[in-house]
Amino acid sequence: MDFFDYMKTKNLKKESPLASRLRPRTLEEVVGQQHIIGKGRLLYRAIRADRLTSVIFYGPPGTGKTTLAQVIANTTDANFRQINATTSGKKDMETVVAEAKEAMGGYGRRTILFIDEIHRFNKAQQDYLLPFVEDGTVILIGATTENPYFEVNSALLSRSTIFELHPLEKEDIATLLDRAMADAERGLGAMHVRLDPAARDFLADVAGGDARTALNALELAAMTTDPGPDGNICIDLDVAADCIQRRAVHYDNGGDQHYDTISAFIKSMRGSDPDAAVFYLAKMLRAGEDIKFIARRIMICASEDVGMADPNAICVATAAALIVERVGMPEARIPLAEAAVYVATAPKSNASYLAVGEALRTVDKVRTSVPGHLMNIHANGEGDEEKAVGYKYAHDFPNHYVEQQYLPDEILGKRFYEPTTNGYERKVREYLKFLGKDV
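The text that follows walks through the structure, step by step, so that each part is easy to find. From a predicted model like this one, the values you see are computed outputs, not experimental measurements.

Describing the overall build of the protein
Part 1 of the argument: Tallying secondary structure elements over the protein gives 20 helices and 7 strands in all.
Part 2 of the argument: Relative to the 2.2 N^0.38 estimate, which gives 22 Å for 439 residues, the radius of gyration of the protein is 31 Å and therefore markedly larger than a compact globule would have.
Part 3 of the argument: Its C-alpha atoms give the protein principal-axis dimensions of about 95 × 65 × 35 Å.
Part 4 of the argument: Within the protein, the fraction of its 439 residues that count as buried is 42%.

Right, here's the structure in full:
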């Protein structure tokens, strides 16, 4: 590197975005992702011991994939080379491989190749790496925002360990914002910037687990806000909202607005108002509410308020919850909206909810015993067969039904389930009448 290259690199570091300048240099500086880099974890031990094998980091933007690669670069004795799959090709990999062979043959030194956006490489480009990864010529670190099981060759996957990075928690992003405010060398500590607590919480919330988004907004706010009379740059909630181009939704997670909004959301679904349900859903999403929490509330509403009037409601709600866990935001908004609209527009019945409530109260009040003919006979023949004398097997009778006693003697004749005439439950009611039951 000549003098001009050195000065260019130095100036780039100085003028690079805050998120880049603030990248952790050591494992101890990394925030979040403790499930893979917590002390004692596999990746932590491998980096510490400088015994890393080929890995693929998979996760949303701004969660630390490139950061972890840079930490590895700072801690390893191996040569470290970095390319980006969006701007590089096979020729670039050939150059790295040639250098790696020379370093290994001449100096016994390993080479780590970090490929950002590895899913951008086509099959042939990925295949080129296989023999060199397999024989240890290069140690691959791949980073991708796409599911590697779909976007990376299976042969390359089998030679790598996959680590999934999760969106950062609000507390993690708040920690990074505090670090940026305090660091005079790489952050904003020398600029006399004051970050209002409400603005700090807002940025940590709406960043959606993406540290880069929060830090870029903080830097933009600091660079575009005039100092006050005291010479300090004050970043309040309005400034923060303007710099991230999202209106600050007044919503305190864990406070009254949290409970009021989720209450309105549930009552709107129960009241069959899909427009209101979608509105409150959007408000919660904009405020950074936990999407898994929202999905759980939809499942509960599908069970409690729709019930047997539309048994498919619980299936739709459960499927949406599964999708939410697998895809995350921002795509999770779509299955959440679909489930909320389905539950809101479904016919309603709380008969099952009332039935189990009354049954629980009865269990608490009355001591009962199972009728003898319903008792268990062990498959190994050790059970008391006399216990089951008199049991009638329903499938041996017309319509696969036979009238016999199922409730304990102590509560014989007790009614728990009272089907309504709404939706599918009307058919349930008609079927029970067909069987001769009093409904």
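Observations regarding the packing of aromatic side chains
Part 1 of the argument: If you walk through the whole model with that rule in mind, you get 5 aromatic pairs.
Part 2 of the argument: Summarising the aromatic geometry, the rings of Phe279 and Tyr280 are spaced 5.2 Å apart at their centres and angled 70° between planes, so their arrangement reads as edge-to-face.

Digging into helix H6 (residues 90-107)
Part 1 of the argument: The end-to-end C-alpha separation of H6 is 25 Å, in line with the 26 Å expected for 18 residues at 1.5 Å each.
Part 2 of the argument: Burial in H6 covers these residues: Met93, Val96, Val97, Ala100 and Ala103. What you see down the axis of H6 is that its buried residues fit within an arc of 125°, all on one side. Residues of H6 that are exposed and point more than 90 degrees away from the buried face comprise Lys91, Glu102, Gly105 and Gly106.
Part 3 of the argument: Tucked into the core, H6 has its buried residues touching strand S2 (79-84), strand S3 (111-116) and helix H7 (123-134).

Thoughts on the nonpolar core
Part 1 of the argument: One finds Leu177, Leu203, Leu218 and Ile235 to be the most contacted residues of the largest nonpolar core, which totals 34 residues.
Part 2 of the argument: Sorting the residues of this core by element identifies helix H2 (18-21), helix H10 (170-182), strand S6 (193-195), helix H11 (197-206), helix H12 (211-224), strand S7 (233-235) and helix H13 (237-243) as the ones contributing at least two each.
Part 3 of the argument: Tallying contributions element by element places H12 first for this core, with 7 residues.
Part 4 of the argument: Excluding residues within four positions of it along the chain, Ile235 makes contact with Val193, Arg194, Leu195, Asp196, Ala199, Leu218, Ala221, Ala222 and Ala240.

Comments concerning helix H20 (residues 425-434)
For an α-helix, 3.6 residues make a turn, and residues three or four places apart therefore share a direction.
Part 1 of the argument: Within the sequence span of H20, burial applies to Glu425, Val428 and Leu432. The buried residues of H20 occupy one face: seen down the axis, they fall within an arc of 50°. Along H20, exposed side chains directed more than 90 degrees from the buried face belong to Lys427 and Phe434.
Part 2 of the argument: Those residues of H20 hidden inside the fold are in contact with helix H19 (351-365).
Part 3 of the argument: Gly436 occupies a position one or two residues after H20 and carries a positive phi of about 90°.

Considering the packing of H6 against H7
Part 1 of the argument: Between H6 and H7, the shortest axis-to-axis distance is 10 Å and the interhelical angle comes to 10°. The angle between H6 and H7 places the two elements in the roughly parallel class. Note on element contacts: H7 touches H6 through Gln125, Tyr128, Leu129 and Phe132, opposite Lys90, Met93, Glu94, Val97 and Lys101.
Part 2 of the argument: Partitioning the contact of H6 with H7 into residue classes produces 5 nonpolar, 1 polar and 3 charged.

Focus on the environment of Cys315
Part 1 of the argument: Note that Cys315 resides in helix H17 (residues 312-327).
Part 2 of the argument: Judged by its relative accessible area of 47%, Cys315 falls in the partly exposed class.

A short note on unusual backbone geometry
Part 1 of the argument: Of note, the amide linkage connecting Met329 to Pro330 takes the cis form, showing an omega dihedral of 5°.
Part 2 of the argument: Turning to its location among the elements, Pro330 is positioned in the loop between H17 and helix H18 (333-345).
Part 3 of the argument: One non-glycine residue, His192, lies in the positive phi region at around 60°.
Part 4 of the argument: The residue His192 is located in the loop between H10 and S6 in this model.
Part 5 of the argument: Overall, His192 belongs to the exposed group, its relative accessible area being 54%.
Part 6 of the argument: The phi torsion at Asn399 lies on the positive side, around 60°, for a residue other than glycine.
Part 7 of the argument: Take Asn399: it is sitting in the loop between H19 and H20.

Digging into the side chain of Thr137
Part 1 of the argument: Positionally, Thr137 belongs in the loop between H7 and strand S4 (139-144).
Part 2 of the argument: Reaching out from Thr137, the side chain makes a polar contact with the side chain of Asp135 at a distance of 2.6 Å.
Part 3 of the argument: Here Thr137 is in contact with Val97, Ala100, Lys101, Thr111 and Phe132, once residues within four sequence places are set aside.

Details of the pattern of salt bridges
Part 1 of the argument: Using the criterion set out here, one finds 17 salt bridges in the structure.
Part 2 of the argument: Between Arg25 and Glu29 there is a salt bridge, and its shortest N-O distance comes to 3.4 Å.
Part 3 of the argument: In this structure, Arg81 and Glu99 form a salt bridge, with 3.1 Å as the shortest nitrogen-oxygen distance. Within this pair, whereas Arg81 is found in strand S2, its partner Glu99 is found in helix H6, the two being separated by 18 residues in sequence.
Part 4 of the argument: Through salt bridges with shared partners, one network takes in Arg25, Glu29, Asp183 and Arg186.

A word on the sheet that holds S4
Part 1 of the argument: Read from one edge of the open sheet, 5 strands run S2-S3-S4-S1-S5, paired in parallel fashion. On the outer flanks of this sheet lie S2 and strand S5 (161-164), each paired with one strand and no other. The average angle at which neighbouring strand axes cross in this sheet is 15°, direction not considered.
Part 2 of the argument: Judged from the 4 bridges that link them, strand S1 (residues 55-58) and S4 form a sheet pairing that is parallel. Paired with Tyr58 across the two strands is Thr144, which belongs to S4.
Part 3 of the argument: Its contacts with the sheet put H6 on S2 and S3, and the angle it makes with S3 is roughly 165°.

Rules and cut-offs
- Residues numbered from 1 in each chain as written.
- Predicted model: local features only at pLDDT ≥ 70, side-chain atom pairs only at ≥ 80, totals over all residues.
- Heavy atoms only, no water.
- Helix = DSSP H or I, 4+ residues; strand = E, 2+ residues; numbered from the N terminus.
- Rg over C-alpha atoms; globule rule 2.2 N^0.38 Å.
- Buried < 20%, exposed > 50% of the residue type's maximum accessible area, 1.4 Å probe, protein only.
- Phe/Tyr/Trp six-rings, centres within 6.5 Å; stacked < 30°, edge-to-face > 60°.
- Expected span 1.5 Å × (residues − 1).
- Arc of directions from axis to C-beta.
- Contact = heavy atoms within 4.5 Å.
- Core = buried A, V, L, I, M, F, W, Y, C linked by side-chain atoms within 4.5 Å.
- Axes fitted to C-alpha atoms, helices over the stretch in contact; angles between N-to-C directions.
- Parallel < 35°, antiparallel > 145°, perpendicular 65-115°, else oblique.
- Nonpolar A, V, L, I, M, F, W, Y, C, P; charged D, E, K, R; others polar.
- Polar contact = N/O pair within 3.5 Å; in protein donor to acceptor, adjacent residues only side chain to side chain.
- Salt bridge = Lys/Arg side-chain N within 4 Å of Asp/Glu carboxyl O.
- Pairing = 2+ DSSP bridges.

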